[in-house]
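Summary of structural features
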Amino acid sequence: MTRVIHTGDTHIGYQQYNSPERRRDFLEAFRSVVEDAVTDDVDAVIHAGDLFHDRRPGLVDLQGTVEVLRTLSDADIPFLAVVGNHESKRDAQWLDLFADLGLATRLGAEPVVVDDTAFYGLDFVPRSRRDDLTYDFDALPAEAAHASLVSHGLFEPFAHADWDTETVLAESTVDFDAVLLGDNHKPDTAEVLDTWVTYCGSTERASASERADRGYNFVDFADDGTVGISRRGLPSTREFVFVDVELAADEGIDRVQERVRQHDLVDAVVIVTVEGEGRPIAPAAIEELAIDRGALVARVNDRRDLPDEDEDVSVSFANPDDAVRERVREMGLSDAALEIDETVRSGDLADSNVRDSVERRVRDLLEDDDSAFEPAPERRPDDEDVTTVADHLTDGAESAPESTDDAPAEGAASDSADAVADAGDGDGAAGTDDPDETADADTASLGDFA
């Protein structure tokens, strides 16, 4: 029998609520999984993507991850993984670096056999590239009695699905006994075409919507050909205290504060959700109370649609596009610089993709003309040939190249109703960006994404 731990969505490096302590929590949750793997002497740890929260993890996060992976290596437990949407880079992946260090194996079309089970991998693939994807895997080795696919994405029949699991299984050149998935932070299991398909969930709460305990899966590939999937919680993760208050018509902040005082908040993340009727409340006062009672972080989510009791005030604003246009014209930028201005300010380009897009455009400009960034010619601010992105927007012209921005991951793991509770994050916990939307080939195979 082959027994593995199936984990994923560890999101190491996520500084949730701008809290350094929360950033450490994500690494420590991963460490807990690895320590359990060593204690239980499993045959392998399978990671289904989003090891890191960001494609540019910090040095401290990288050092911590290497330290944890060395714990597995010292115990002769292989770490097999695929690349998720959060950490995906255009060129070599961080997972490749860990493989070079002998600390990990990146799964792909070629099987990696552990005992009598062959593991294959399929990295996250953007939706726009899936229609041309062929699921070609190398043949099952003779010594393998089981086959398992590890992948990252939102697969049917689970929530937020945008990937047809039946298509993957039907078109794959290998018959899989189990599909081990990451991306959806909620653990779940289903049977599709006589194959077990399972999500392990995240190891830390990346969103206020993730109320259930965090954990991971055990997957047993038995000698009799069956597959068993069980779950273990991670009790050592940071405590979240959810204070749900339903206000009556005559109740207000006093009632909310009373409910908050009923809980032990020391070192906890406190999420206060207010519903019902009642009077308007001041979230800052409630958060301050929770912090005074020892909470690490406090957030208030008032879901009520309260009427505006203030008098109507007429306010007018200057057109910001006009202001931008005037200022950019005064700067007298070169044509190349104006193109960069358009890229940076374009509303069609995801913020996380701006840096890569600017770097690529600067490189192209310099390759075409090494004088592209020489000082601009003399221009008057009112010259018609000096255009900015504001001009393009005003004229209804085409904007910067299209970029795809897939929904969380949390997209996979958070509900929009809880977004307010995470407003201090500065980043959606599992939001996904697809920087690699530009495929050169007309068709794609599994090897293109390995």
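None of the values given here were measured: they were computed from a predicted structure.

**Side note on the overall build of the protein chain**
Each helix and strand in the protein chain was counted, giving 11 helices and 17 strands. Scored against the burial criterion, the 450 residues of the protein chain give a buried share of 50%. Long-range pairs, those at least 24 residues apart, make up 75% of the contacts in the protein chain between residues at least 6 apart in sequence. As displayed, the protein chain offers around 21,600 Å² of accessible surface, 45% of which is attributable to carbon and sulfur atoms.

**Let's talk about the packing of aromatic side chains**
For the structure shown, the criterion picks out 11 aromatic pairs. With a centroid separation of 5.4 Å and 90 degrees between ring planes, the pair formed by F137 and F176 is classed as edge-to-face. You can see F137 sitting in the loop between β7 (133–134) and β8 (146–152) and its partner F176 sitting in the loop between α4 (165–171) and β9 (178–182), a full 39 residues away along the chain. Look at F137 and you get buried, because its relative accessible area is 7%. Residue classification places F176 among the buried residues on the basis of a relative accessible area of 5%.

**Considerations on the nonpolar core**
One finds I5, F30, V45, F79 and F98 to be the most contacted residues of the largest nonpolar core, which totals 27 residues. Elements with a minimum of two residues in this core: α1 (20–40), α2 (59–74), β3 (79–81), α3 (94–100) and β12 (215–221). Beyond its immediate chain neighbours, meaning those up to four positions away, F30 contacts T10, I12, H47, L51, T65, V68, L69 and F79. By size, the runner-up hydrophobic cluster in this structure holds 23 residues, among which are L133, V168, V179 and A190.

**What to know about the side chain of Q16**
Here Q16 lies in the loop between β1 (2–7) and α1. Overall, the relative accessible area of 0% leaves Q16 in the buried class.

**Concerning the sheet that holds strand β6 (residues 117–122)**
Spatially, β5-β6-β8-β9-β11-β10 is the arrangement adopted by the six strands of the open sheet, whose pairing is mixed. Edge positions in the sheet fall to β5 (112–114) and β10 (188–192), since each of these pairs with one other strand and no more. Taking each pair of neighbouring strands and ignoring which way they run, the sheet shows an average axis angle of 25 degrees. Pairing of β6 with β8, which is carried by six bridges, proceeds in the parallel orientation.

**Regarding the environment of Y135**
For Y135, the location among the structural elements is in the loop between β7 and β8. A residue is classified by how much of its surface remains accessible, and Y135, at 3% relative accessible area, is buried. Taking the C-alpha atoms as reference points, Y135 and T173, separated by 38 residues in sequence, lie 6.7 Å from one another. Discounting chain neighbours no more than four positions away, the residues touching Y135 are L122, W163, T167, V168, E171, S172 and T173. Within the structure, Y135 has its side chain in polar contact with the side chain of W163 (distance 3.1 Å).

**As for the sheet that holds strand β4 (residues 105–106)**
Two pairing modes exist for strands in a sheet, parallel and antiparallel, and in both the strands are linked by backbone hydrogen bonds. Strand order in this open sheet of six strands is β4-β3-β2-β1-β12-β13, and the pairing throughout is mixed. Every other strand in the sheet has two partners, leaving β4 and β13 (227–233) as the edge strands with one partner each. Sheet contacts for α1: β1, β2 (44–47), β3, β12 and β13; angle to β1, the most-contacted strand, approximately 170 degrees.

**A short note on the packing of α1 against α2**
In contact at an axis separation of 9 Å, α1 and α2 are set at 10 degrees when each is read in the N-to-C sense. For the element pair α1 / α2, the angle class is roughly parallel. Two secondary-structure elements touch here, α1 through R23, L27, F30, R31, V34, A37 and V38 and α2 through D61, G64, T65, E67, V68, L69, T71 and L72. By residue class, the composition of the contact of α1 with α2 is eight nonpolar, three polar and four charged.

**Describing the pattern of salt bridges**
Applying the stated criterion across every chain, the model contains 19 salt bridges. The salt bridge involving D220 is made with R3; its shortest N-O contact spans 2.8 Å. Of this pair, D220 sits in strand β12 while R3 sits in strand β1, and the two are 217 residues apart along the sequence. D61 is the salt-bridge partner of R23, the closest N and O atoms lying 2.6 Å from each other. Placement of R23 in helix α1 and of D61 in helix α2 is noted, with a sequence separation of 38 residues between them. By relative accessible area, which is 28% here, R23 ends up partly exposed. Among the residues examined, D61 registers a relative accessible area of 5% and is labelled buried.

**Here we look at the UniProt feature "binding site: Mn(2+) 2" (unreviewed entry) in the protein chain**
In the numbering used here, UniProt assigns the "binding site: Mn(2+) 2" (unreviewed entry) feature to D50, N85 and H152. The greatest C-alpha distance among the residues just named is 8.2 Å, despite their covering 103 residues of sequence, which places them together in space. D50 gets classed as buried once you look at its relative accessible area, which sits at 0%. Not counting residues up to four positions away in its chain, the partners in contact with D50 are D9, T10, H11, G84, N85, H86, E87, H152 and D183. Residue position: H152 is located in strand β8. There is a polar contact of 2.8 Å between the side chain of H152 and the backbone oxygen of A48.

Procedures and definitions
- Residues numbered from 1 in each chain as written.
- Predicted model: local features only at pLDDT ≥ 70, side-chain atom pairs only at ≥ 80, totals over all residues.
- Heavy atoms only, no water.
- Helix = DSSP H or I, 4+ residues; strand = E, 2+ residues; numbered from the N terminus.
- Buried < 20%, exposed > 50% of the residue type's maximum accessible area, 1.4 Å probe, protein only.
- Contact = heavy atoms within 4.5 Å.
- Areas by Shrake-Rupley, 256 points an atom, 1.4 Å probe, with all protein chains shown as cover.
- Phe/Tyr/Trp six-rings, centres within 6.5 Å; stacked < 30°, edge-to-face > 60°.
- Core = buried A, V, L, I, M, F, W, Y, C linked by side-chain atoms within 4.5 Å.
- Pairing = 2+ DSSP bridges.
- Axes fitted to C-alpha atoms, helices over the stretch in contact; angles between N-to-C directions.
- Polar contact = N/O pair within 3.5 Å; in protein donor to acceptor, adjacent residues only side chain to side chain.
- Parallel < 35°, antiparallel > 145°, perpendicular 65-115°, else oblique.
- Nonpolar A, V, L, I, M, F, W, Y, C, P; charged D, E, K, R; others polar.
- Salt bridge = Lys/Arg side-chain N within 4 Å of Asp/Glu carboxyl O.
- UniProt positions renumbered as here; feature names shortened; annotations may be inferred.

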